[in-house]
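What follows is each chain in one-letter form.
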Amino acid sequence: MKVADKHYRTIWLSKDGRSVDLIDQRWLPHELRVETVGTVEGVATAIRDMWVRGAPLIGVTAAYGVAIRMAEDPSDKALDDVWETLHETRPTAINLRWALDAMRDLLRKLPEAERAAAAYARAAEIADEDVELNRSIGRHGLEIIRQIAARKKPGEPVNILTHCNAGWLATVDYGTATSPIYHAMEEGIPVHVYVDETRPRNQGAQLTAWEMAGHGVPHTLVVDNAGGHLMQHGMVDMVIVGTDRTTADGDVCNKIGTYLKALAAKDNDVPFYVALPSPTIDWTVRDGVKEIPIEERSGDEVSLVWGKDEAGAVRQVRISPEATPAGNPAFDVTPARLVTGLITERGIATASADGLAKLFPDRAKADAA
Ligand SMILES: CSC[C@H]1O[C@H](OP(=O)(O)O)[C@H](O)[C@@H]1O
């Protein structure tokens, strides 16, 4: 997306043709820092420490990590080792395993001499495919916003609440949950977005707010616990979020706090949509609560918070007593029964095995076999 007047993706091949340049999102919204990463350890750190984050972007970054390793050593052992190293960086987003499998399945069939070039080509393809998937999600999600807008008074905005960041910063470009919003803006439909701050990493306050401001989308930052109140008072027309892994039965794993938003939406008859590209569907699991591994991150992310001080320095400050231990589950699972619809690149599916199988008959059978 555009930042000031320059178009950015979140990740791209460096000028040296081997490394990758990526936006280190830890410093946003205060600084736009681009880092060049040229080793597997560097890619692993970038994913594990959330320089890059968001299920699709994690997958694309890992794909380039495989290419970087193949350029160093195209052996089967190196291919298996890099799969293991990158797979263990973060356990919840299925796109990581999907991308690593896509790379390994392709490369293991090729002679070693061809692997590096094929790996970079496939990684670039996965990145480009992500952009197109997100554009399609935007087109399908736009229809929902159009229908809500048609019921509003002229000029009255469609009020949308989103949680965390499922924007272009969570993907290569366009985003998933934000793509319908960007498409609505391009069509001139008045929208307003309530941006959940999304403790503890504040992806909403730091990233989604930055995206909305950068694209001129009217928005209001709210604390995570305000959503239910806003919905009770008729201030939210729809909720749209992303996902890190959605099961074959339509259970949705997403940033911690999503489940509570879905409960409030259900209680207030507010449509609750999830935007996802099909690589985020894990066809091998059905019960999200029982089967999806939930990443437990450091308690320091809860006890310490990043910000910019009066002198303009970006630093961390402690908000809780030193002796207080902090728990930090990074995701939760929203059962399919609370999901109004799944906005995919092939259209809108009901959150169920049948709904997903109708849109993805080729996947539902193959992957679950
Ligand atoms: C389009 S995937 C976005 C998804 O990823 C985020 O998690 P994290 O920032 O920890 O990678 C969050 O769950 C978003 O909804």
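Conventions and cut-offs
- Residues numbered from 1 in each chain as written.
- Predicted model: local features only at pLDDT ≥ 70, side-chain atom pairs only at ≥ 80, totals over all residues.
- Heavy atoms only, no water.
- Helix = DSSP H or I, 4+ residues; strand = E, 2+ residues; numbered from the N terminus.
- Expected span 1.5 Å × (residues − 1).
- Bend = angle between axes of the 7 residues up to and from the residue.
- Buried < 20%, exposed > 50% of the residue type's maximum accessible area, 1.4 Å probe, protein only.
- Pairing = 2+ DSSP bridges.
- Near = heavy atom within 4 Å.
- Polar contact = N/O pair within 3.5 Å; in protein donor to acceptor, adjacent residues only side chain to side chain.
- Areas by Shrake-Rupley, 256 points an atom, 1.4 Å probe, with all protein chains shown as cover.
- UniProt positions renumbered as here; feature names shortened; annotations may be inferred.
- 1 Å grid on protein atoms, 1.4 Å probe; cavity = no way out; pocket = protein on both sides within 12 Å on 5 of 7 lines; lining within 4 Å.
- Contact = heavy atoms within 4.5 Å.
- Domains from an automatic or database assignment.
- Buried area = accessible area lost by both parts, 1.4 Å probe.
- Salt bridge = Lys/Arg side-chain N within 4 Å of Asp/Glu carboxyl O.
- Nonpolar A, V, L, I, M, F, W, Y, C, P; charged D, E, K, R; others polar.

A separate point is helix α7 (residues 203-215). An ideal rise of 1.5 Å per residue puts 18 Å on 13 residues; α7 measures up with 17 Å between its terminal C-alpha atoms. Helix geometry: α7 is bent most strongly at Ala 209, by close to 25°. If you check which residues of α7 are buried, you get Gln 203, Gly 204, Gln 206, Leu 207, Thr 208, Ala 209, Trp 210, Glu 211 and Met 212. Taken from the residues just after α7, Gly 216 is the one with a positive phi, measuring 75°.

The next subject is the sheet that holds strand β11 (residues 252-255). Spatial strand order, β13-β10-β11-β16: four strands in an open sheet with mixed pairing. The sheet is open, and its two edges are formed by β13 (281-282) and β16 (331-334), each paired on a single side. Two elements, strand β10 (residues 245-247) and β13, share two bridges in a ladder whose sense is parallel. Bridge pairing links Thr 246 to Ile 281 in β13.

This part takes up the site of the ligand. The full set close to the ligand counts 17 residues, and Gly 54, Arg 90, Asp 244, Asn 254 and Lys 255 are the nearest of them. Interatomic distance of 2.9 Å between a side-chain N/O atom of Gln 203 and an oxygen atom of the ligand. Within the contact set of the ligand, an oxygen atom lies 2.5 Å away from a side-chain nitrogen or oxygen of Asp 244. Burial of the ligand by the protein chains amounts to 99% of its free accessible area of 410 Å².

Quick look at the UniProt feature "binding site: substrate" (unreviewed entry) in the chain now. Per the UniProt record, the feature "binding site: substrate" (unreviewed entry) sits at Arg 53, Gly 54, Ala 55, Arg 90, Gln 203, Asn 254 and Lys 255. Lining the largest cavity, out of the annotated residues just given, are Arg 53, Gly 54, Ala 55, Arg 90, Gln 203, Asn 254 and Lys 255. With respect to the helices and strands, the residue Gly 54 is situated in the loop between α1 (40-48) and α2 (55-72). Mapped onto the fold, Lys 255 is located in strand β11. What makes Lys 255 buried here is its relative accessible area of 7%. Among residues more than four places away in sequence, those in contact with Lys 255 are Arg 90, His 163, Cys 164, Thr 198, Gln 203, Asp 244, Ala 330, Phe 331 and Asp 332.

As annotated in UniProt, the feature "active site" (unreviewed entry) corresponds to Asp 244 in the numbering used here. If you trace the backbone, Asp 244 turns up in the loop between β9 (238-241) and β10. By relative accessible area, Asp 244 is classed as buried at 9%. Excluding anything up to four places from it in sequence, Asp 244 contacts Ala 55, Thr 92, Ala 93, Ile 94, Asn 95, Cys 253, Asn 254, Lys 255, Thr 280 and Phe 331.

One can read the domain layout of the chain as domain 1 (2-129) and domain 2 (140-368). On a C-alpha basis, the centroid separation for the pair domain 1 and domain 2 is 24 Å. With 34 residues of domain 1 at the interface, the matching set in domain 2 holds 34 residues. Between domain 1 and domain 2, the buried area comes to about 2,800 Å², and carbon and sulfur atoms account for 58% of it. Taken together, domain 1 and domain 2 are joined by two salt bridges. The shortest N-O distance in the salt bridge between Glu 295 and Arg 90 comes to 2.9 Å. By residue class, the composition of the side of domain 1 that touches domain 2 is 18 nonpolar, seven polar and nine charged.

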